[in-house]
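Breakdown of the fold
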Amino acid sequence: MARMKFLCDAERCIECNGCVTACKQEHEIPWGVNRRRVVTINDGVPGERSISVACMHCSDAPCAAVCPVDCFYKTEDGVVLHDKDLCIGCGYCFYACPFGAPQFPQAGAFGQRGKMDKCTFCAGGPEADRSEAEFKKYGRNRLAEGKLPACAEMCATKALLGGDGDVLADIYRERVTVRGRGGEVWGWATAYGPAPGKGQAPAAPAQQPGGQKS
Amino acid sequence: MRKLLAASLAVAFVAGLAACGERPQVVTYKQGTYQGKPDTQPWSNPPYNGNKEQWEQAIRTRMQSQNEYKRAS
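Before going further, it helps to spend a moment on the overall build of chain A. Scanning chain A from N- to C-terminus turns up seven helices and six strands. Listing every helix and strand of chain A by position from the N terminus yields β-α-β-β-α-β-β-α-α-α-β-α-α. The long-range fraction of contacts in chain A, counting pairs at least 24 apart against all pairs at least 6 apart in sequence, stands at 53%.

As structure tokens, then:
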């Protein structure tokens, strides 16, 4: 049983927004809704880092925890999906999500909030697989075609990886080994800061000068 | 005294092994929690027609194709 996850390698992301475009094109996402977006930290400063963010398909998803109508479910492969027929567009999931993944299309002339829309890991939703109804509500179901999410598969620098968390961890580990650095981007020091007396956290952008690109 | 020490060591050893286990991290929703429509599995329709192994193999191949170190060699 796979645990489907995304992993974005900040050392490789070049902020091309190709993943955003691929997602929009693949699912024909309406104007104003971005299931995926690229966030840049320290934009314009040497050592800036970009990361592509969408629904992270949390193991214990806070959106599902707060939904008043219980419209979220998790597939056997760990993909968090929701039923749009049940969604009331209250926006609680947006407040609960640490990644800002839930999106709300404008449903009327006066800006009423429509039903929530979010990244489906290209796995569609609770409609017949690859049916027109599924495409209209949730977008294309690439997983049912034996494919991975479009954003990850078309990423030019392979910064964005999608698939089973264990496999992604192996790929990332191999990269870090070949690079000889970068493992510190994720982990304890990033989350909790450096150990006392060890100076700045290794992931701090000031310590990543422009050279040494792999 | 020695028996007690041996027993406590054995307990500590067994407790240490507990960390090697892996608890399933995917939440299993009980009937009645999710209120929406049921969904099918990605392998339950054509072209896989319920062949989960074939679907998993296709996904595995796709996942490995993201690793250019493997692709290049």
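For chain B, the helix and strand inventory stands at three helices and zero strands. Sequence-ordered secondary structure for chain B, helices as α and strands as β, is α-α-α. Expressed as a percentage of its 73 residues, the buried residues of chain B come to 12%.

Another aspect to go through is helix α1 (residues 18-27) of chain A. Residue and element names in this part refer to chain A. When α1 is considered as a whole, its buried residues turn out to be Cys-19, Cys-23, Lys-24 and His-27. Down the axis of α1, the buried set is contained in an arc of 135°. They therefore lie on one face. On its buried face, α1 is in contact with β3 (49-53), α5 (150-154) and β6 (160-164). Immediately beyond the C-terminal end of α1, within one or two residues, lies Glu-28, with a positive phi of roughly 50°.

Across the boundary between the two partners, chain A contributes 34 residues, which contact 25 residues of chain B. Elements supplying a minimum of two residues to the side of chain A that touches chain B: β4 (72-74), β6 and α6 (165-179) of chain A. Its residues assigned to classes, the side of chain A that touches chain B shows 15 nonpolar, six polar and 13 charged.

All right, on to the confidence of the model for chain A then. All names here are of chain A. Mean pLDDT over chain A works out to 86, with 84% of the residues at or above the 70 mark. Mean pLDDT across the secondary structure elements of chain A bottoms out at helix α7 (residues 188-192), with 60, and peaks at α1, with 97. Counting interchain partners and residues more than four positions distant, the pLDDT-below-50 stretch residues 201-214 has 25 contacts.

Among the nonpolar cores identified, the biggest contains 48 residues, and Phe-72, Val-80, Phe-121, Cys-151, Ala-152 and Leu-160 of chain A are the most heavily contacted of them. Among the elements that take part in this core, strand β1 (residues 4-8) of chain A stands out by supplying four residues, more than any other.

So, on to the pairing of β6 of chain A. Residue and element names in this part refer to chain A. Burial of β6 is extensive: five of the five residues sit out of reach of the surface. In the sheet, β1 pairs with β6 via five bridges, with the strands oriented antiparallel. Counterpart to Lys-5 in the pairing with β6 is Gly-163.

Our next topic: the pairing of β3 of chain A. All names here are of chain A. With burial as the criterion, only one face of β3 is covered, namely that bearing Ser-50 and Ser-52; the residues Arg-49, Ile-51 and Val-53 on the opposite face remain uncovered. Relative to β3, strand β2 (residues 37-41) runs antiparallel, the two sharing five bridges. Bridge pairing in β3 links Val-38 to Ser-52.

On the secondary structure map, Ala-169 of chain A appears in helix α6. The exposure class of Ala-169 of chain A is partly exposed, given the 14 C-beta atoms found within 10 Å.

Below, the discussion takes up the confidence of the model for chain B. In the predicted model, chain B carries a mean pLDDT of 83, and the fraction of residues at 70 or more is 81%. Within chain B, no element has a lower average pLDDT than helix α3 (residues 68-72) of chain B, which sits at 79, and none a higher one than helix α2 (residues 52-64) of chain B, at 94.

Now for unusual backbone geometry. Between Pro-46 of chain B and Pro-47 of chain B the backbone carries a cis peptide bond, its omega angle lying at 10°. With respect to the secondary-structure elements, Pro-47 of chain B resides in the loop between α1 (2-17) and α2. Backbone geometry places Asn-17 of chain A, a non-glycine residue, at a positive phi of 65°. Residue Asn-17 of chain A is classed as partly exposed on the basis of its 14 C-beta neighbours within 10 Å. One non-glycine residue, Arg-130 of chain A, lies in the positive phi region at around 60°. Inspection of the secondary structure assignment puts Arg-130 of chain A in the loop between α3 (92-96) and α4 (132-138).

This next bit is on the environment of Trp-31 of chain A. Residue and element names in this part refer to chain A. As for its placement among the helices and strands, Trp-31 is situated in the loop between α1 and β2. Residue classification places Trp-31 among the exposed positions, given that 8 C-beta atoms sit within 10 Å. For the pair Trp-31 and Gln-106, spaced 75 residues apart in sequence, the C-alpha to C-alpha distance is 9.0 Å.

Criteria and cut-off values
- Residues numbered from 1 in each chain as written.
- Chains lettered and ligands numbered in written order.
- Predicted model: local features only at pLDDT ≥ 70, side-chain atom pairs only at ≥ 80, totals over all residues.
- Helix = DSSP H or I, 4+ residues; strand = E, 2+ residues; numbered from the N terminus.
- Contact = placed C-beta atoms within 7 Å.
- Buried ≥ 20, exposed ≤ 12 C-beta atoms within 10 Å, placed from the backbone.
- Arc of directions from axis to C-beta.
- Nonpolar A, V, L, I, M, F, W, Y, C, P; charged D, E, K, R; others polar.
- pLDDT = per-residue confidence, 0-100.
- Core = buried A, V, L, I, M, F, W, Y, C linked by C-beta atoms within 7 Å.
- Pairing = 2+ DSSP bridges.

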